Amino acid sequence: MSVVTVYSKAGCHLCAEVMTALQELRTELGFVLHEVDIADDEELHRAYFERIPVIVLDGEQLSDYFLDEALLRERLESRR
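Reference entry: report on the structure contained in this document. (Residues numbered from 1 in each chain as written. Predicted model: local features only at pLDDT ≥ 70, side-chain atom pairs only at ≥ 80, totals over all residues. Heavy atoms only, no water.)

Counting secondary structure elements, the chain contains three helices and four strands. Ordered by position from N to C terminus, the α and β elements of the chain give β-α-β-α-β-β-α. Rg of the C-alpha trace for the chain: 12 Å, near the compact-globule value of 12 Å for 80 residues, within the 12% margin. Along the three orthogonal principal directions, the C-alpha set of the chain runs to about 35 × 20 × 15 Å. Across the 80 residues of the chain, 38% fall into the buried class. With the model as given, the accessible surface of the chain reaches about 4,800 Å², and the carbon-plus-sulfur share is 48%. Looking at the chain, you have 8 positive and 17 negative side-chain charges, and the mean spots of the two groups are 3 Å apart. (Helix = DSSP H or I, 4+ residues; strand = E, 2+ residues; numbered from the N terminus. Rg over C-alpha atoms; globule rule 2.2 N^0.38 Å. Buried < 20%, exposed > 50% of the residue type's maximum accessible area, 1.4 Å probe, protein only. Areas by Shrake-Rupley, 256 points an atom, 1.4 Å probe, with all protein chains shown as cover. Lys, Arg positive; Asp, Glu negative; His and termini not counted. Charge placed at Lys NZ, Arg CZ, Asp CG, Glu CD.)

As enumerated under the stated definition, the model contains eight salt bridges in all. For R73, the salt bridge identified is with E28, shortest N-O distance 2.7 Å. Placement of the pair is R73 in helix α3 (residues 69–78) and E28 in helix α1 (residues 13–29), with a sequence separation of 45 residues. By relative accessible area, which is 23% here, R73 ends up partly exposed. (Salt bridge = Lys/Arg side-chain N within 4 Å of Asp/Glu carboxyl O.)

Shown next as structure tokens:
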């Protein structure tokens, strides 16, 4: 099963919106959803601080700031 990882931090309204949208899509599209708080890791904080949320599918970065639902659907379908 594919894994969608969202790099985020507490208090980020865009992160909360992306997580809500992904939770709604998870059952329909069949993926595992993980959220990683960049505040817990200095390297991640430096890499993603200005770009969160960052959405990654199976290690491939798909988008920053907002969920590109069409791209996510396309990539998930190509993995089936």
